[in-house]
Amino acid sequence: MSLPNVIVALVTVAVSYATLRLYRFLSFVYQSPLRVLPGPPNASWLYGNQKEINAVNGTTLPDQWATQYGKNFVDRDIFMCPRLWSLDPRAIHHVLTHSYDFPRLEESHQNFLDVLGRGLLAVQGEEHRKQRRLMNPAFGPAQVRDLTSIFIEKSIVLRDIWAAAASKTGTARLNVNKDLSRLTLEIIGIAGFGYDFNALDPDGKPDELSVAFRRLFLSTPSLIALTPLLRVWFPFLRILNNKRVATVKYASGVFQRVGAQLVRERKESIMREAFEKHLDGVERKDLQGRDLLTLLIRANMALDVPDNQKLSDNDVINQIPTFILAGHETTSVSLTWTLYSLSRYPAVQQKLREELLTVDTETPTMEELNALPYLDGVVRETLRLHSPLATLPRVAVKDDVIPLSEPFTDREGEVRHEIRIAKGNRVVIPIMAVHRSKEIWGDDVLEFKPERWMQPPDAVGSIPGVWGHLLTFIGGPRACIGYRFSLVELKAILFTLIRAFAYELAVPVDDVIVKTASTQRPELLSEPEQGYQLPLFITPYKGE
């Protein structure tokens with residue numbers, strides 16, 4: 001065959017393949033069973049409705065759509081792909097409990113694999129079940145109880161730093177978002193894998209692990225970046241180098257090297273302990289250790305755990321960046337929004353402080369923290385109004401029928417009691433829209449009101465979350481494994497900092513906006529170039 005004929009043949013094949021893909025794509029977009037659902041008009045053939053959503057402060061546009069179109073509606077994702085949103089509790093329960101049929105979006109999944117390796121947050125299916133089964137005991141109540149002293153100890157360090165800052169003039173203006181991020185990084189380092197970041201040392205040299213994590217985290221793609229999706233559709237694009245790829249390679253190298261050293265040291269320590277106690281090895285009942293990594297390695301080395309249920313050393317190493325991502329930023333963001341809310345509602349702040357001051361020690365136990373009802377209400381109300389995740393996007397891996405708790409009327413006037421969904425259709429659980437639903441919470445839904453948790457409305461019982469009638473920690477097989485850790489950490493830090501200081505906003509309340517990236521963080525309308533921040537005036541509390 002001559003060269004021109006070869007070229008013609010190749011071009012014909014390429015055009016035919018592209019035409020087939022285009023036909024399948026258009027059929028997917030326009031013949032989806034979701035097309036009969038009500039919803040807003042498509043805003044862009046490229047970005048769908050996503051830019052509209054991101055442009056509204058606090059991800060409140062889905063709330064408006066739910067009011068206009070009902071609990072079940074459809075908008076358009078990137079490239080006009082239909083996307084189901086549902087506030088129906090039975091539909092949410094179905095998606096959460098069938099998490100392997102509704103996994104993370106492929107582009108998000110690939111990004112997690114690139115960033116975290118095959119850690120618990122990144123893996124899916126049977127591999128996720130295996131890791132979760134082995135790791136569950138490390139996050140039980142007894143283990144979190146043993147870690148509470150670390151939470152308190154590091155909180156006191158930050159308390160003293162803030163006290164020194166305020167000692168000169170009696171009041172300090174601080175970006176609490178930055179300091180709380182350092183605090184939670186320090187805590188997850190010690191409690192997670194026995195590693196001291198020295199994050200609270202103002203004169204300390206930046207640690208290479210924290211530098212790698214921050215470079216990686218700050219370079220996370222935007223919510224509507226097209227590159228991650230294109231890399232999924234066209235895998236050959238993954239070989240192309242760019243700044244993001246270089247950052248991932250650098251960070252992964254640091255995680256692997258430091259992680260391997262930490263795992264090696266823990267295994268040697270465990271075997272040395274077993275030798276000194278004249279034991280043949282360790283068993284699951286020997287779950288002792290001051291950090292989560294040691295507990296995980298003990299479980300992984302246990303003689304009574306079958307080999308096919310154990311993790312490789314590399315899988316264990318991959319849990320280290322997973323611990324940092326899951327246990328650092330989300331908690332610091334929640335703490336930041338708590339101080340923001342308490343600054344806006346000084347009466348609530350004072351009521352909380354009075355309860356905390358009834359405890360006659362500055363180093364309470366987990367049980368003492370959990371016995372404080374108003375503190376519990378403040379934490380719950382923060383996680384309701386300021387959940388770190390605003391939405392939870394998922395994709396159907398097979399055709400399915402999603403059940404509903406109540407019927408709705410579609411575009412064609414037909415009453416439907418379930419929603420048919422096709423393989424590849426995307427589903428969004430609108431966490432914040434559920435948390436701000438007047439139908440569930442009442443007309444004062446936007447008010448920060450911890451008292452509502454003393455006798456919550458009956459309707460909250462239908463919310464299928466793993467904790468507290470909220471979706472903050474999700475639910476089902478992929479519910480947050482560390483929710484107990486996070487809750488006690490939040491309470492311990494608030495206990496220390498609220499007893500010590502009074503807080504006021506250092507900027508007008510209208511200047512603080514919600515910037516949604518991987519999590520919902522505060523930013524100033526007047527200083528967007530400064531990035532995430534929340535300036536507060538803090539004053540040492542002297543008592544009445």
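About the cut-offs
Here, residues in each chain are numbered from 1, in the same order as that chain's written sequence. Two thresholds apply to this predicted model, a pLDDT of at least 70 for residue-level local features and 80 or more for giving and counting side-chain atom pairs, whereas whole-chain, interface and lining totals are computed over all residues. Heavy atoms throughout the structure, all of them, feed into the side-chain values; hydrogens and water do not. Relative accessible area decides the class of each residue, using a 1.4 Å probe on protein chains only: under 20% of the type maximum gives buried, over 50% gives exposed, and in between gives partly exposed. In this text, helices come from DSSP runs of H or I with a minimum length of four residues, and strands from runs of E with a minimum of two, each type numbered from the N-terminal end. Whether two strands pair comes down to DSSP finding at least two bridges between them. Nonpolar core, defined: a set of buried Ala, Val, Leu, Ile, Met, Phe, Trp, Tyr and Cys residues in which side-chain atoms within 4.5 Å join the residues together. We call two residues contacting when some pair of their heavy atoms lies within 4.5 Å. A fitted line through C-alpha atoms represents every axis, and for helices the fit uses only the stretch in contact; the resulting angles, taken between N-to-C directions, go from 0 to 180 degrees. Note on definitions: salt bridges are taken to be side-chain nitrogens of Lys or Arg within 4 Å of carboxyl oxygens of Asp or Glu. Note on aromatic contacts: the rings of Phe and Tyr and the six-membered ring of Trp form a pair at centre separations within 6.5 Å, being stacked when their planes are under 30 degrees apart, edge-to-face when over 60 apart, and tilted otherwise. Counting as a charge over the ring demands two things of the Lys NZ or Arg CZ atom: a distance within 6 Å of the ring centre and an angle within 35 degrees of the ring normal. For a helix, the expected span equals 1.5 Å multiplied by the residue count minus one. Each polar contact in these results corresponds to two N or O atoms within 3.5 Å; when the atoms are within protein, one needs to be able to donate a hydrogen and the other to accept it, and residues that are neighboring in sequence are counted only if both atoms are side-chain atoms.

A. Structural detail: the pairing of strand β7 (residues 426-429). Here β7 shows no split at all, with Arg-426 and Val-428 on one side and Val-427 and Ile-429 on the other all buried. Note that strand β2 (residues 82-86) and β7 share three bridges and pair parallel. Within β7, the residue paired with Leu-84 across the bridge is Val-427. With four bridges connecting them, strand β4 (residues 392-395) and β7 associate as antiparallel partners. Note on β7: the bridge partner recorded for Leu-392 is Ile-429.

B. Seen up close, the nonpolar core. Formed by 142 residues in total, the largest nonpolar core has its most connected members in Leu-84, Trp-162, Leu-180, Phe-193, Leu-209, Leu-339 and Tyr-503. The element best represented in this core is helix α20 (residues 483-500), accounting for twelve residues. If sequence neighbours within four positions are ignored, Leu-209 has contacts with Phe-193, Tyr-195, Phe-197, Val-254, Phe-255, Val-258 and Ile-324.

C. Region of the structure containing the sheet that holds strand β3 (residues 172-175). Taking strand neighbours across the sheet as the criterion, the three strands line up as β3-β11-β8 in an open arrangement whose pairing is antiparallel. Each of the sheet's edge strands pairs with one partner strand only, and the pair in question is β3 and β8 (501-505). Across this sheet, the average inter-strand angle for adjacent strands is 35°, counted without regard to direction. With five bridges connecting them, β8 and strand β11 (residues 535-540) associate as antiparallel partners. Within β11, the position partnered with Glu-504 by the bridge is Phe-537. Strand contacts of helix α14 (residues 319-344): β8 and β11, with the helix running at about 80° to β8, the strand carrying the most contacts. Together, β8 and β11 form the strand contacts of α20, whose direction differs from that of β8 by roughly 85°.

D. View of unusual backbone geometry. Positive phi, close to 50°, is recorded for Thr-59, a residue that is not glycine. Residue position: Thr-59 is located in the loop between α2 (50-55) and α3 (61-69). Within the chain, Ile-474 stands out as a residue other than glycine whose phi angle is a positive 60°. Looking at the element boundaries, Ile-474 is found in the loop between α19 (438-441) and α20. Of the residues examined, Ile-474 reaches a relative accessible area of 13% and is grouped as buried.

E. Quick peek at the pattern of salt bridges. Tallied over the entire structure, the rule returns 29 salt bridges. A salt bridge links Arg-380 to Asp-376; the nearest nitrogen and oxygen atoms lie 2.6 Å apart. Here Arg-380 pairs with Asp-376, and both are found in helix α17 (residues 373-385), just four residues apart, close to one helical turn. Assessed through its relative accessible area of 18%, Arg-380 is described here as buried. Across the pair Asp-376 and Lys-491 runs a salt bridge, and its minimum N-O distance is 2.9 Å. Of the two residues, Asp-376 sits in helix α17 while Lys-491 sits in helix α20, which places them 115 residues apart along the sequence.

F. Spotlight on the packing of aromatic side chains. Following the criterion strictly, the structure yields 15 aromatic pairs and no others. The interplanar angle of 70° and the centroid separation of 6.4 Å between the aromatic rings of Trp-162 and Tyr-503 together place this pair among those described as edge-to-face. With a gap of 341 residues between them, Trp-162 in helix α7 (residues 141-166) and Tyr-503 in strand β8 connect regions that are remote in the sequence. Side by side, Trp-162 and Tyr-503 carry an identical accessibility label, which is buried. Each residue in the set Trp-65, Phe-73 and Trp-85 is aromatic and connected to the rest through ring pairs, giving one cluster. Above the plane of the ring of Phe-112 lies Arg-104, whose end atom (NZ or CZ) is 4.2 Å from the centre. When the ring centre of Tyr-541 is taken as reference, the NZ or CZ atom of Arg-353 above it lies at 4.6 Å.

G. The arrangement of α14 in detail. The end-to-end C-alpha distance of α14, which contains 26 residues, comes to 38 Å, matching closely the 38 Å that a straight helix rising 1.5 Å per residue would cover. Most of α14 is tucked away, with 23 of its 26 residues classed as buried.

H. Quick look at the environment of Ser-86. With respect to the helices and strands, the residue Ser-86 is situated in strand β2. Spatially, the C-alpha atom of Ser-86 lies 7.9 Å from that of Val-427, the residues being 341 residues apart in sequence. Apart from residues lying up to four places away in sequence, Ser-86 is in contact with Lys-71, Asn-72, Ala-91, Ile-92, Val-428 and Pro-430. Within polar-contact distance, the side chain of Ser-86 engages the side chain of Asn-72 at 2.6 Å.

Scope: geometric values only; no functional claims are made or implied.
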